[in-house]
Amino acid sequence: MKSPLSFNLRNNLFLAPMAGVTDRPWRQLCRQLGAGYAVSEMAASNPMLWLTDKSTRRLNHDGEVAPIAVQIAGSDPAMMAQAAQFNIDRGAQIIDINMGCPAKKVCAVAAGSALLKNESLVIQILEAVHQVCAHNQVPLTLKYRTGWSLNENNALRIAQLAQQIGVSMLTLHGRSRACGFGGQAEYNTIAQVKQAVKIPVIANGDITTPEIAQHVLNLTQADGLMIGRAAQGNPWIFREIEHFLQTGKKRAPPTLEEAHHTLLNHLEDHFRFYGEHTGKLTARKHLKWYLSPIIGCKHSFLEQLMNTESTRCQFKLVDAFFNSWRNSGQYEFKPQQHPSSFFPTNLTTHFETLAA
Ligand SMILES: Cc1cc2nc3c(=O)[nH]c(=O)nc-3n(C[C@H](O)[C@H](O)[C@H](O)COP(=O)(O)O)c2cc1C
């Protein structure tokens, strides 16, 4: 795969931006374990929201390896341009525009994937943000869906418009806005877009195993792959896909020892980043993602873990659990491969909460 941007990347495997998930500790962990690139959670374009705790955390890129890619979302071209400049001033080396998020909260104000319905607004936003990016010599990328609905697929037209305006790379999630996260992602549109433009195209949607990764690359001829949900609880997936694409052979999952260390390091980093109260609450989802595929989501240990009083307790419990696990020889550490089953059936509601 050729490198999609003018940065030296370890590979062309991208961690997908996921609001409420891809915080700095998680991005750093995925990159250590093989992701060549990681996009931050979306930052609001509305300046009124820039000083909240959440936004301040999202603007924190301390210790992150280049390139620092920041995603912005909104519907007002001038505000989006301002948001791009604000983030560039705080270290963003790539600006990514979100036209892929189906959350009602985002779509109600015609942002995220709702923008796909209004091509003239798409043009205005891309032009306004591109002007700022070009002035700062920062590449602009676009993440989007195949269209507003299955019957309104304008992925090709949006790709051509974006290329014309000066967008440097496209990431296409093979679903329409109306599909939410239902059904299977379709890769034919991604293949058509790849054929139609000269700028790099990254394929996204339902890439959950090394074999699927290879299949999607063959089918679309994309310049890279973006992986979201399959990395939850399984940050090792990046090196596993990398190994498979390079050698055609499967790489073994992490040993219990390595998983033990990875989880504890992740927790430490997570707690440092969020502090005691938010740290304890936000670590829970990661712990569930890591552990429930192995011990089952109803295991009493998970319940205990979800009800701990402090980050210290959470940390000690996980440590003790791994120690006793090793002694019992009862379980193997096999992270999840098919994460969709861990989501509530109504994913859009889940999304609303995370994007809030
Ligand atoms: C919890 C969650 C939050 C997400 N947040 C964002 C976001 O902030 N911006 C965005 O462009 N896409 C967002 N997405 C979409 C993902 O980036 C990705 O396009 C989608 O999950 C499909 O990839 P996957 O099948 O590998 O998960 C989110 C997805 C999930 C599950």
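Quick caveat, the model's predicted, so the values are computed rather than measured.

A look at the overall build of the protein chain
Then, number 1: Across its full length, the protein chain holds 14 helices and eight strands.
Then, number 2: Looking at the 356 residues of the protein chain, the share that counts as buried comes to 47%.
Then, number 3: Nonlocal contacts in the protein chain, meaning residues at least 24 apart in sequence, comprise 69% of its contacts between residues at least 6 apart.

Some points on the nonpolar core
Then, number 1: Residues Ile95, Val129, Leu170 and Leu225 are the most contacted members of the largest nonpolar core, which totals 76 residues.
Then, number 2: Among the elements that make up this core, the one with the highest residue count is helix H5 (residues 119-136) (six residues).
Then, number 3: With near-sequence residues (within four places) excluded, Ile95 lies in contact with Val70, Ile72, Ala84, Asn87, Ile88, Val129, Cys133, Val138 and Leu140.
Then, number 4: Counting 11 residues, the second-largest nonpolar core is a separate cluster that includes Ala259, Phe271, Ala283 and Leu291.

Quick notes on the site of the ligand
Then, number 1: What surrounds the ligand is a group of 24 residues, the closest being Ala16, Met18, Ala19, Gly228 and Arg229.
Then, number 2: Looking at the shell around the ligand, the elements that each hand over two or more residues are strand S2 (37-44) and helix H14 (347-355).
Then, number 3: A class-by-class count of the residues in the shell around the ligand yields 12 nonpolar, eight polar and four charged.

A short note on the environment of Thr189
Then, number 1: Along the chain, Thr189 turns up in helix H7 (residues 188-196).
Then, number 2: For Thr189, a count of 22 C-beta atoms within 10 Å puts it in the buried group.
Then, number 3: As for Thr189 and His173, which are separated by 16 residues in sequence, their C-alpha atoms are 9.5 Å apart.
Then, number 4: With near-sequence residues (within four places) excluded, Thr189 lies in contact with Thr146, Asn153, Ala155, Leu172 and Gly174.

Focus: the environment of Asn87
Then, number 1: Assignment of secondary structure puts Asn87 in helix H3 (residues 77-89).
Then, number 2: Owing to 27 C-beta atoms within 10 Å, Asn87 belongs among the buried residues under this scheme.
Then, number 3: On a C-alpha basis, the gap between Asn87 and Ile72 in space is 8.9 Å, while along the polypeptide they are 15 residues apart.
Then, number 4: Aside from chain neighbours lying at most four places away, what touches Asn87 is Ala43, Val70, Ile72, Ala92 and Ile95.

Quick word on the confidence of the model for the protein chain
Then, number 1: For the protein chain, the mean per-residue pLDDT works out to 87, and 88% of the residues sit at or above 70.
Then, number 2: Here residues 339-356 is a poorly scored stretch, pLDDT under 50, and it has 27 contacts once near neighbours within four places are set aside; other chains count.

Quick word on the pairing of strand S8 (residues 224-227)
Then, number 1: Of the two faces of S8, both are covered, the one formed by Gly224 and Met226 as well as the one formed by Leu225 and Ile227.
Then, number 2: Note that strand S1 (residues 13-15) and S8 share three bridges and pair parallel. For Phe14, the partnering residue across the bridge sits in S8 and is Met226.
Then, number 3: Both strand S7 (residues 201-204) and S8 contribute to a ladder of three bridges, which runs parallel. Considered in S8, the bridge of Ala203 is made with Leu225.
Then, number 4: Assessed by its sense of winding, the connection that carries the chain from S7 through helix H8 (residues 210-220) to S8 is right-handed.

Cut-offs used in this document
Residues numbered from 1 in each chain as written. Predicted model: local features only at pLDDT ≥ 70, side-chain atom pairs only at ≥ 80, totals over all residues. Helix = DSSP H or I, 4+ residues; strand = E, 2+ residues; numbered from the N terminus. Buried ≥ 20, exposed ≤ 12 C-beta atoms within 10 Å, placed from the backbone. Contact = placed C-beta atoms within 7 Å. Core = buried A, V, L, I, M, F, W, Y, C linked by C-beta atoms within 7 Å. Near = placed C-beta within 6 Å. Nonpolar A, V, L, I, M, F, W, Y, C, P; charged D, E, K, R; others polar. pLDDT = per-residue confidence, 0-100. Pairing = 2+ DSSP bridges. Right-handed = clockwise from strand over helix to strand, strands pointing away.

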